[in-house]
Amino acid sequence: MELYAPIFVLAAIGAAFVVVSMVVGSIAGPKRYNRAKLQAYECGIEPTPQPAGGGRFTIKYYLTAMLFIVFDIEIIFLYPWAVHFDELGVFGLIAMVLFLVNVSIAYAYEWRRGGLEWE
Amino acid sequence: MTLAQGAEPGLGAFGTDPWWITLIKALVIFVFLMVCVLMMIMADRKVMGRMQQRHGPNRFGPLGLLQSLADGVKLSLKEDVIPRGVDRVVYIAAPMIAAVPAFIAFSVIPVGPEVTMFGVQTPLQLTDLPIAALVVLATAAIGVYGIVLGGWASQSPYALLGGLRASAQVISYEIAMGLSFVAVFMYSGTLTTSGIVEAQRPLWFAVILLPSFLIYLVTMIGETNRLPFDLAEGEGEIVGGFMTEYGSMKFTMFFLAEYVNMVTVAAVSVTFFLGGWLAPPPITSFWAGANEGYWPILWWLVKFLAVMFLFIWVRGSLPRIRYDQLMQLGWKILIPVQLVWITAVAVVRILLNEGAPIGAVAAVVAGFALVVVAAVYGFARSARRRRAAEAAERQEELRLMRDDPAYGGFPVPPQNAPHYGSSVPAEGPRSGARVPHDKREEVTGA
């Protein structure tokens, strides 16, 4: 825990600065009510009504997020292997290459099915 | 002594500082980050100005050095507008979520060896962990939440689009970034940042692992949403992106987070690839004390500033790329290249470790080189074919447009369209057999 404590010290200093400056900003500025000012900015036209919670958006983002999870888990497996690379030797290499090939199958599948195309 | 220290050798120097040394170091890091951000914003504008044949800010303070400080004060005196309809809690929390984690990552960056500070023997590094490299990645990932939540809570289409783009972009580039560290860990054998710097004493990893370093440089620009990858706030398309609805100090916090993140990723590149605080090789050959005492801070700063300058240089040189190009670069180029590169490094290192004959190693290297050349050739071929197809399509479109002004474009009523009260007789659809222009019957309507 001694190792982690300094991180919390730095985080506390940063958080204090952020909170104080945001409070100062909200106090120091003028307050002039204006109905149009409170509307969402859309280059001057009437703002589009937004459904609560953001509404729907294109499924591409979900596909990207799913592929990200696959690769993030791959990275999580790669790190311990990389750190103990010399001890694991040939066995570790073969195991990892097999694992990489497995992940690459999913990757190649998504690529061929157009999951990586953004138009 | 904690379990972690027992498990990981080389961390004995950490976690033993008295509380006031920790506080001093944390404050120094905080002040350094703030000064760095102020100077970086100013340098950004001044260097960009010089690259564009103009002066940049030069009014406030000597040489305009205090310009960003003045900007900050002015921003804090602006009205703190919270638009109607926003999700207030998330809207206010988002800038904090973006800014606070940005500070954390710097705590594991080593800027020097052990020195005597006020009579206490302590390393020039706030702390080090057995998983220090993961802290860097984790804080970089948490920062995205601020952007996504800020865009989502604003209840504005531009902000939502900016937030979504930023999240997709950052997670895409995070994979390539994480993969570029794998080769580094293979060579260092540790995740502690001080251990990684020590491992570079014979030779910097930027030299041994050049492809990893180059890909890291690309991903660090993508990760911090800087030009040419600043699609999340592309002014030409989505106004201000996720921060469209933010003003006053909340906007400043997003801005601060962006620049602190730049400082952090630059510091990480120095630590992981450019030898951290180690003096550049020629210096140590004639000056043995170059890596002692407080001097390493100088070497660290020089490398750090060089990487920071790269940020501005890239921004001044390259135009913003399209969103599909951005995702294509991340998913179709950087990631496969990294996977092949990691495999190549692993195979070659295993062969060297096992004492394989040099001919076998050379054969393996040649094999990987062949794969790379084939892949590049295939990619270039497919790109050329696609470009040719696009050109043909465009030619066809131009031809159709010449024949029919209303083709595919804005629905302008064609001048020969049938309508009420006209003496012009209706013409048949143009798609059938075309009548050559000169053979067409002239209809004047007179």
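Chain B is annotated in an unreviewed UniProt entry as NADH-quinone oxidoreductase subunit H of Streptomonospora mangrovi. Listed in UniProt under the heading Catalytic activity (unreviewed entry), the comment for chain B reads: "a quinone + NADH + 5 H(+)(in) = a quinol + NAD(+) + 4 H(+)(out)". Word for word, the UniProt comment on chain B under Sequence similarities (unreviewed entry) is "Belongs to the complex I subunit 1 family."

Chain A is annotated in an unreviewed UniProt entry as NADH-quinone oxidoreductase subunit A from Streptomonospora mangrovi. If you open the UniProt record of chain A and go to Subunit (unreviewed entry), you find "NDH-1 is composed of 14 different subunits. Subunits NuoA, H, J, K, L, M, N constitute the membrane sector of the complex." Recorded under Catalytic activity (unreviewed entry), the UniProt text for chain A is reproduced unchanged: "a quinone + NADH + 5 H(+)(in) = a quinol + NAD(+) + 4 H(+)(out)".

A. Structural detail: the overall build of chain B. When helices and strands are tallied, chain B shows 15 helices and 2 strands. Each of the 446 residues in chain B was classed as buried or not, and the buried ones make up 43%. Taking the intrachain contacts of chain B between residues at least 6 apart in sequence as the baseline, contacts between residues at least 24 apart amount to 73%.

B. Structural detail: the pairing of strand S2 (residues 120-124) of chain B. All names here are of chain B. Two strands pair when backbone bridges link them, and strand S1 (residues 112-117) and S2 are joined in this way by 5 bridges, in the antiparallel orientation. Looking at S2, one finds that valine 115 is bridged to threonine 122. Linking S1 to S2, which pair antiparallel, is a turn of 2 residues; within it phenylalanine 118 sits at a positive phi near 50°.

C. Examining helix H2 (residues 60-83) of chain A more closely. For H2 of chain A, spanning 24 residues, the distance from its first C-alpha to its last is 34 Å, which sits close to the expected 34 Å at 1.5 Å a residue. Looking at H2 of chain A, one finds that the buried residues are Thr64, Leu67, Phe71, Glu74, Leu78, Ala82 and Val83 of chain A. Against helix H3 (85-112) of chain A together with helix H6 (157-188) of chain B lie the buried residues of H2 of chain A.

D. Spotlight on unusual backbone geometry. Residues and elements named next belong to chain B. Look at glutamine 53: it is not a glycine, yet its phi comes out positive at around 60°. Among the structural elements, glutamine 53 can be located in the loop between helix H2 (19-51) and helix H3 (67-76). According to the C-beta neighbour criterion, glutamine 53 is exposed, with 6 such atoms within 10 Å. Positive phi outside glycine occurs at leucine 63, with the angle close to 60°. Along the chain, the position of leucine 63 falls in the loop between H2 and H3.

E. A look at the confidence of the model for chain B. All names here are of chain B. Taken as a whole, chain B shows an average pLDDT of 82; of its residues, 87% reach a score of 70 or greater. Mean pLDDT in chain B bottoms out at helix H1 (residues 3-7), which sits at 45, and peaks at helix H13 (residues 295-317), which reaches 91. Throughout residues 1-6 the model reports pLDDT below 50, and contacts reaching past four residues in sequence, or to other chains, amount to 9 contacts. As scored by the predictor, the complex reaches a pTM of 0.83 and an ipTM of 0.87.

F. Representation of the interface of chain A and chain B. Listed by partner, the interface residues are 55 residues for chain A and 68 residues for chain B. Breaking the side of chain A that touches chain B down by element, the ones donating at least two residues are helix H1 (5-28), H2 and H3 of chain A. Broken down by element, the side of chain A that touches chain B gets its largest block of residues, 15 residues, from H1 of chain A. In terms of residue class, the side of chain A that touches chain B is built from 35 nonpolar, 12 polar and 8 charged.

G. Region of the structure containing the environment of valine 115 of chain B. Residue placement: valine 115 of chain B occurs in strand S1. Ignoring any residue separated from it by four or fewer positions in sequence, one finds valine 115 of chain B in contact with Thr122, Leu124, Gly293 and Tyr294 of chain B.

H. Layout of the environment of leucine 160 of chain B. The topology assignment puts leucine 160 of chain B in helix H6. Each C-alpha atom of the pair leucine 160 of chain B and glutamate 397 of chain B lies 34 Å from the other, and the pair is 237 residues apart in sequence.

The rules we used
Residues numbered from 1 in each chain as written. Chains lettered and ligands numbered in written order. Predicted model: local features only at pLDDT ≥ 70, side-chain atom pairs only at ≥ 80, totals over all residues. UniProt positions renumbered as here; feature names shortened; annotations may be inferred. Helix = DSSP H or I, 4+ residues; strand = E, 2+ residues; numbered from the N terminus. Buried ≥ 20, exposed ≤ 12 C-beta atoms within 10 Å, placed from the backbone. Contact = placed C-beta atoms within 7 Å. Pairing = 2+ DSSP bridges. Expected span 1.5 Å × (residues − 1). pLDDT = per-residue confidence, 0-100. Nonpolar A, V, L, I, M, F, W, Y, C, P; charged D, E, K, R; others polar.

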